[in-house]
Amino acid sequence: MTGLRVLFVQATGRQTPDGLETLLGLLADITPVVEALPPDAALADVSGSVRYFHRDAVEIGHLVRVRALAWHGLDCTVGVAASPLLARMAAHGGLPGTVRVVPDDPAEVAAFLNPRPVAALPGVGPSTARTLGDYGLDTIGRIAATPVPTLQRILGVRLGRTLHQHAHGVDPTPVVPKAPARSATADHRFDPHELDDEQRRRVLLGLAVDLGLRLRSDGQVGRALTLTVSYADRSSTTRTRAFREPTAHAPVLSGTAYALHDALGLQRARVTALSLRVEDLTAAELSSHQLTFDRQAANARQVESVVDRIAARWPGAVGPATLAGLPRRDAYRAS
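Just so you know, these numbers come straight off a predicted model, no measurement behind them.

(A) Structural view of the sheet that holds strand 3 (residues 41-45). What the 5 strands build is an open sheet, ordered 2-3-1-4-5; its pairing is mixed. The sheet terminates laterally at strand 2 (34-37) and strand 5 (99-101), the two strands that pair on one side only. Between one strand axis and the next, the sheet turns through 15 degrees on average, direction left out of account. Sheet topology note: the strand 1 (residues 6-11)/strand 3 ladder contains 5 bridges and is antiparallel. The residue of strand 3 that forms the bridge with Phe8 is Leu43. Sitting on the sheet, helix 3 (residues 57-72) touches strand 1, strand 4 (76-81) and strand 5, and the angle it makes with strand 4 is about 170 degrees.

Written out as structure tokens, the structure reads:
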């Protein structure tokens with residue numbers, strides 16, 4: 001088991017908003033190579049920790065679980081393997097609150113993967129699983145036994161090759177140190193400045209739509225929105241407004257942005273840049289949403305989910321009609 005180096009750690013049981021932070025802090029005491037996977041999991045590469053702790057990766061996995069439970073009352077499921085793919089599948093394939101191991105041996109990896117349904121592989125959604133099922137490729141073992149060119153004819157060159165590698169347990173993806181973002185920002189710079197109030201509102205709508213899409217794709221919601229307006233004299237104005245409830249709903253983001261912008265009474269101000277920042281991000285799964293009898297609001301959220309799926313497959317294919325022809329000079333960042 002000398003090749004085992006990756007831990008996938010997922011908090012189980014009742015979750016709290018700071019559960020992920022607690023988990024990341026605990027893992028940081030063991031290895032600096034920790035990748036946050038909101039809302040409740042993380043990957044850790046313990047290659048450099050084995051010698052320091054005089055323990056192998058499996059023993060470190062048990063150490064993580066014991067510390068989380070004893071120090072913080074947080075139970076965890078831990079997967080241990082030679083790659084992020086196998087570590088994640090090991091954790092998801094067992095009982096909650098256990099440490100599961102996939103040995104670093106081709107025969108053991110095949111025995112672990114082959115009987116599982118193809119939908120167990122990351123990246124294989126219901127549509128792809130149905131397509132493969134039409135060809136009788138309903139288990140990972142059958143995918144592994146299928147020639148790469150055949151899979152590529154069914155799924156496309158890139159996905160066919162990747163799926164064949166995953167079916168053999170091959171995953172070269174590294175564990176990249178990354179903490180969950182606490183805010184998400186979208187900026188737009190004018191060339192050289194903008195005097196038209198309606199044009200600025202169009203830009204705010206575009207920034208709000210794009211921010212909402214990014215947050216929903218990451219499974220996050222924010223509790224407040226900050227607008228920063230920069231002027232030609234190099235001064236700026238910043239205003240913040242809290243939402244009634246955590247949200248990533250584009251109409252709420254854009255409506256709040258409009259309200260902040262209009263309250264400034266800019267009139268003929270020479271605006272050089274606009275920035276929207278969604279503050280205090282948290283996992284959507286840990287937030288509450290007020291139910292409503294407003295059918296129009298419910299329909300808007302359903303349409304938004306459909307648009308998200310279209311945008312994921314064909315970026316830029318759909319959007320508000322008022323943004324047509326708007327020159328984009330946008331930049332996005334998370335912090």
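(B) Highlighting the environment of Gly19. Here Gly19 is to be found in helix 1 (residues 19-28). Spatially, the C-alpha atoms of Gly19 and Asp40 are 6.9 Å apart, while their sequence positions differ by 21 residues.

(C) Looking closely at the packing of aromatic side chains. With the rule as written, the count across this model stands at 1 aromatic pair. Consider the rings of Tyr52 and Phe53, whose centres lie 5.1 Å apart with planes at 80 degrees: the pair is edge-to-face. Looking at Arg116, its charged tip hangs above the ring of Phe112, at a distance of 4.0 Å from the centre.

(D) Local environment of the environment of Thr247. Mapping Thr247 onto the fold places it in strand 8 (residues 236-247). Within polar-contact distance, the side chain of Thr247 engages the backbone nitrogen of His249 at 3.0 Å.

Calculation notes
- Residues numbered from 1 in each chain as written.
- Predicted model: local features only at pLDDT ≥ 70, side-chain atom pairs only at ≥ 80, totals over all residues.
- Heavy atoms only, no water.
- Pairing = 2+ DSSP bridges.
- Helix = DSSP H or I, 4+ residues; strand = E, 2+ residues; numbered from the N terminus.
- Axes fitted to C-alpha atoms, helices over the stretch in contact; angles between N-to-C directions.
- Contact = heavy atoms within 4.5 Å.
- Phe/Tyr/Trp six-rings, centres within 6.5 Å; stacked < 30°, edge-to-face > 60°.
- Lys NZ or Arg CZ within 6 Å of the ring centre and 35° of its normal.
- Polar contact = N/O pair within 3.5 Å; in protein donor to acceptor, adjacent residues only side chain to side chain.

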